[in-house]
Amino acid sequence: MLPRGRPRALGAAALLLLLLLGFLLFGGDLECARRARGGAGFFPCALAPRIPQDGRPRGAAALDRDPPTDPGGHNRSDCVLPRPLPPRCELLHVAIVCAGHHTSRDVVTLVKSLLFYRKNPLHLHLVADAVARNILETLFHTWMLPAVRVSFYDANELKPQVSWIPNKHYSGLYGLMKLVLPGALPPDLARVIVLDTDVTFASDIAELWALFAHFSDEQVIGLVENQSDWYLGNLWRNHKPWPALGRGFNTGVILLWLDRLRLAGWEQMWKLTATQELLTLPATSLADQDIFNAVIKGHPALVQSLPCVWNVQLSDHTLAERCYLEAADIKAIHWNSPKKLRVKNKHAEFFRNLYLTFLEYDGNLLRRELFGCPSPRPPEAEQLQQTLAQLNEEDACFEFRQQQLTVHRVHITFLPHEPPPPRPHDVTLVAQLSMDRLQMLEALCRHWPGPMSLALYLTDAEAQQFLRFVEASEVLSARQNVAYHVVYREGPLYPINQIRNVALAQALTPYVFLSDIDFLPAYSLYDYLRASIEQLELGSRRKAALVVPAFETLHYQFSFPTSKAELLALLDAGSVYTFRYHEWPRGHAPTDYARWREAQAPYRVQWAVDYEPYVVVPRDCPRYDPRFVGFGWNKVAHIMELDAQEYEFLVLPEAFTIHLPHTPSLDISRFRSSTTYRDCLQALKDEFLQDLSRHYGAAALKYLTALQQPEAP
């Protein structure tokens, strides 16, 4: 027999061994191991960002704990041994409703957070209005993400199904569309994770998908408990919320078992519930969430309660601290206050930093393969990969050839934009810029009241700086007819013509003024151009490029001329010069400035070698040749192609634009200092001229003389 005290000693030793095992299994959290020993908990543990008791983040911790309900009805957390994740290559489906410019930007940040942690292929199902679809189709097409499929569904087609529901929530009709997803998504789609656009992930979404395995046969909806007292009805006097089961549930993160919902008659169920509740309630306050909760109140067996860490809610009246300080393992945060990042929370800095990590994260780095998961690339991506593989890295011009093949992520209409009303002679100013030219925007807006299409070459972080710059400017924030398109930076050379083509493709008026960001047009130029287009009967009757004479000043501050007469006075006084007269006169000499001084009517000029005027042309004009990156020949080649297509060049007698001084770009500095750079540019010129000759035949023979011309300075 064992001595009387031995069992107690053995029990202590076993406990110590179990705690040590827990330390190894749960990333060192002995409290988690202690709770696991007690058998509490249901959901898997995992690594994720952690908030300590003092609110300051201290790196990765270890726990996802199941939230049993405490006496106050609040979510708490425990954990057990990890449950298996979905098979590594299982396709996970995610549905998102998005509408408008702001929400489209939010979708990008959400998707970045998903991609950062994911290890499975994803299929994104986007219910979008026309604006969001236009933006996001372009973005995902140019992002070329491996193992990511994107399907779009027309939100306008779904509006009649929810438009009868009065809704006070700021999301409007779109905030009700999650109710109709079982019918809107493909009938063979069995399960989907539904996310609000203001959610940010801090863990692999496969862990959330794995929770489908815990549904009973009756459960069809997985939700996290609402982390406020909203549905208890005690937030303020006469507050009457929709019915809910206990504290209710938040619908920012939903697991939907779609085929079960369809079999259960979900559409009839929610419509009947909403109709009944609207007999006594004037409208929904929290959009679809109110109706989901009312249905669950009447059918509690439908819901599977998810761990609180999968939807840490940062609302105005949040009680989420009771979740994340106890659980410590944050999986997803939800900015479900109308104030979004400005919501008051003593841990707001931690959550904002997590959000900003993905907001400013370089999306190019997320184009990573899922090794071991074969995923066919789109045909254009496969062809691009093959072409890149054929490049010779020992070629002195390798970076030029690589840059011209690079497909840049493009986010069109990055800010809200109102398309111009259709006018037959309207003109959009088209230009491109980078971060170091932002200061030109306000002056340009003062000079050009018409529509503009501007493409900006920025990093992800710079795009946010640009956003803040516009929002802080009274001049820029007041303009709704300026469309800004972000082309995300990638590669060592400036892809100037690719950026120009983005701005040109997004112009919506019949005509475009092809300018540069460091030029200020005459104050009257917009009206003058429209009148000239009408008077000259351009379009089907006449194929012409209207030349706007270019000038420059070397003064950072000077009095901008309000008329041609004032400009000529400044020209005679030496305050203004014809553009690049001292450095590159041949670029604009064919404009014939001497004739322009006296001209009273438009006059025709002939193309000449290296001519590169600023012109007004139809929107469907030839695109810029994308092979020209960095400095040199980017406009020259475009004007040459206009001439090859038999555009006549007409100089406008009252038009002018003036270049303002600025520091030289990096590419022009490299051009001036590097023989290799200039040799590569010459090679691109030769290839362009050969392609031009093949395309236009004998009509292009005159352009071969450009091969003998001196190099640009």
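Bear in mind the structure is a predicted one, so any value in this text is a computation, not a measurement.

Chemist: Give me the overall build of the protein: which residues, what numbers.
Modeler: Counting its regular elements, the protein contains 24 helices and 23 strands. Looking at the protein residue by residue over its 713 residues, the buried ones come to 55%. Contacts in the protein between residues at least 24 apart in sequence constitute 79% of all its contacts with a sequence separation of at least 6. Accessible surface for the protein amounts to roughly 31,000 Å². Of this, 54% is attributable to carbon and sulfur atoms.

Chemist: Just give me the short version of the sheet that holds strand β11 (residues 410-411), but keep the residues and values in it.
Modeler: In spatial order, the strands read β11-β14-β13-β12-β15-β21-β17-β22-β20; together these nine strands make up an open sheet with mixed pairing. The sheet is open, and its two edges are formed by β11 and β20 (603-605), each paired on a single side. In terms of strand pairing, strand β15 (residues 511-514) meets strand β21 (residues 614-618) through four bridges, oriented antiparallel. The residue bridging Val512 from the neighbouring strand is Val617, located in β21. Each of β13 (452-458) and β14 (482-488) touches helix α16 (residues 460-472); the most contacted strand, β13, lies at about 135° to it.

Chemist: Account for the packing of helix α3 (residues 100-117) against helix α4 (residues 130-143), with residues named and values stated.
Modeler: Two elements in contact, α3 and α4, have axes separated by 9 Å at closest approach and are oriented at 35°. Relative to α4, α3 is oriented so that their crossing is right-handed. In this structure, α3 uses Gly100, His101, Ser104, Val107, Val108, Val111, Lys112 and Leu115 to contact α4, whose residues at the interface are Val131, Ala132, Ile135, Leu136, Leu139, Phe140 and Trp143. Split into classes, the residues belonging to the contact of α3 with α4 amount to 11 nonpolar, three polar and one charged.

Chemist: An account of the side chain of Asp204 is requested, with residue identities and associated values reported.
Modeler: The topology assignment puts Asp204 in the loop between β5 (199-201) and α7 (205-209). At 3.0 Å, the side chain of Asp204 forms a polar contact with the backbone nitrogen of Ala206. Beyond its immediate sequence surroundings of up to four residues, Asp204 is in contact with Tyr117, Arg118, Lys119 and Trp310.

Chemist: Report on the state of the cysteines, specifying residues and quantitative values.
Modeler: On inspection of all chains with the given rule, the structure shows three disulfides. The disulfide bridge from Cys308 ends at Cys323, spanning 2.0 Å between sulfur atoms. Looking along the S-S bond of the Cys308-Cys323 disulfide, the torsion reads about 85°, which is the right-handed sense. Remark: Cys323 occurs in helix α11 (residues 321-327) and Cys308 occurs in the loop between β8 (303-306) and β9 (312-313); sequence separation between them is 15 residues.

Chemist: Could you give me a rundown of the packing of helix α9 (residues 266-277) against helix α10 (residues 288-298), with the residues and numbers involved?
Modeler: The geometry of α9 relative to α10 is characterised by a closest axis approach of 9 Å and an angle of 100° between their N-to-C directions. In this view, α9 runs roughly perpendicular relative to α10, as classed from their interaxial angle. Residue-level inspection shows Trp266, Met269, Trp270, Thr273, Ala274 and Glu277 of α9 in contact with α10, the latter providing Ile291, Phe292, Ala294 and Val295. Each residue belonging to the contact of α9 with α10 can be placed in one class, and the counts come to eight nonpolar, one polar and one charged.

Chemist: Describe the nonpolar core, listing the residues and the values that go with them.
Modeler: Nonpolar side chains in soluble globular proteins tend to be buried together. Core analysis: the biggest nonpolar cluster contains 112 residues, and Phe466 and Phe513 have the highest contact counts within it. The leading source of residues in this core is helix α24 (residues 675-696), at eight residues. Not counting residues within four places of it along the chain, the set of residues in contact with Phe466 comprises Phe414, Leu415, Met435, Leu438, Leu441, Leu456, Leu458 and Tyr484. Ranked by size, the runner-up nonpolar core spans 45 residues in total, among them Ile96, Leu126, Phe140 and Val148.

Chemist: Tell me about the environment of Val180, and please be specific about residues and values.
Modeler: For Val180, the position within the fold is in the loop between α5 (155-162) and α6 (181-184). The sequence separation of Val180 and Glu267 amounts to 87 residues, and the corresponding C-alpha distance is 7.2 Å. Ignoring any residue separated from it by four or fewer positions in sequence, one finds Val180 in contact with Leu158, Gln161, Val162 and Trp270.

Chemist: Can you break down the pairing of strand β22 (residues 648-651) residue by residue, with the values?
Modeler: Here β22 shows two buried faces, one formed by Glu648 and Leu650 and the other by Phe649 and Val651. Pairing of strand β17 (residues 544-548) with β22, which is carried by four bridges, proceeds in the parallel orientation. Across the sheet, Ala545 pairs through a bridge with Phe649, a residue of β22. Here three bridges tie β20 to β22, and the two strands are oriented antiparallel to one another. Looking at the pairing, Arg604 lines up with Leu650 of β22.

Chemist: Can you lay out the sheet that holds β9 for me, pointing to particular residues and giving the numbers?
Modeler: Strand order in this open sheet of three strands is β5-β10-β9, and the pairing throughout is mixed. In this open sheet, the two edge strands, each paired with only one partner strand, are β5 and β9. Note: β9 against strand β10 (residues 332-334), two bridges, orientation parallel. Within β10, the position partnered with Gln313 by the bridge is His334.

Chemist: Which residues make up the pattern of salt bridges, and what values go with them?
Modeler: It is possible for side chains bearing opposite charge to pair when their charged atoms get close. Considering all chains together, one arrives at 34 salt bridges under this definition. Note that Glu90 and Arg191 form a salt bridge whose closest N and O atoms lie 3.4 Å from each other. Here Glu90 is found in the loop between α2 (30-37) and β1 (92-98), whereas its partner Arg191 is found in strand β4 (residues 191-195), with 101 residues between them in sequence. Here Arg191 falls in the partly exposed class, since its relative accessible area comes to 23%.

Chemist: I'd like a rundown of the pairing of β15, residues and numbers included.
Modeler: Put simply, side chains in a regular strand alternate between the two faces of the sheet. Alternating residues of β15 divide into Tyr511 and Phe513 and Val512 and Leu514, and every residue in both groups is buried. Here four bridges tie strand β12 (residues 427-434) to β15, and the two strands are oriented parallel to one another. For Val427, the partnering residue across the bridge sits in β15 and is Tyr511.

Chemist: Hey, could you go over the packing of aromatic side chains for me, with residue numbers and the actual values?
Modeler: Per the counting criterion, the structure on display carries 32 aromatic pairs. On the basis of an interplanar angle of 80° and a centroid distance of 5.0 Å, the ring pair of Phe116 and Tyr117 is categorised as edge-to-face. For Tyr117, a relative accessible area of 21% gives the class partly exposed. Between Phe551 and Tyr593, the aromatic rings sit 5.3 Å apart at their centres with planes inclined by 70°, giving edge-to-face as the arrangement. With a gap of 42 residues between them, Phe551 in strand β18 (residues 550-552) and Tyr593 in helix α21 (residues 593-598) connect regions that are remote in the sequence. Side by side, Phe551 and Tyr593 carry an identical accessibility label, which is buried. Across from the ring centre of Tyr624, 5.2 Å away, lies the NZ or CZ of Arg500, which sits over that ring.

Conventions and cut-offs
Residues numbered from 1 in each chain as written. Predicted model: local features only at pLDDT ≥ 70, side-chain atom pairs only at ≥ 80, totals over all residues. Heavy atoms only, no water. Helix = DSSP H or I, 4+ residues; strand = E, 2+ residues; numbered from the N terminus. Buried < 20%, exposed > 50% of the residue type's maximum accessible area, 1.4 Å probe, protein only. Contact = heavy atoms within 4.5 Å. Areas by Shrake-Rupley, 256 points an atom, 1.4 Å probe, with all protein chains shown as cover. Pairing = 2+ DSSP bridges. Axes fitted to C-alpha atoms, helices over the stretch in contact; angles between N-to-C directions. Left-handed = near helix turned anticlockwise from the far one by under 90°. Nonpolar A, V, L, I, M, F, W, Y, C, P; charged D, E, K, R; others polar. Polar contact = N/O pair within 3.5 Å; in protein donor to acceptor, adjacent residues only side chain to side chain. Disulfide = S-S within 2.5 Å. Parallel < 35°, antiparallel > 145°, perpendicular 65-115°, else oblique. Core = buried A, V, L, I, M, F, W, Y, C linked by side-chain atoms within 4.5 Å. Salt bridge = Lys/Arg side-chain N within 4 Å of Asp/Glu carboxyl O. Phe/Tyr/Trp six-rings, centres within 6.5 Å; stacked < 30°, edge-to-face > 60°. Lys NZ or Arg CZ within 6 Å of the ring centre and 35° of its normal.

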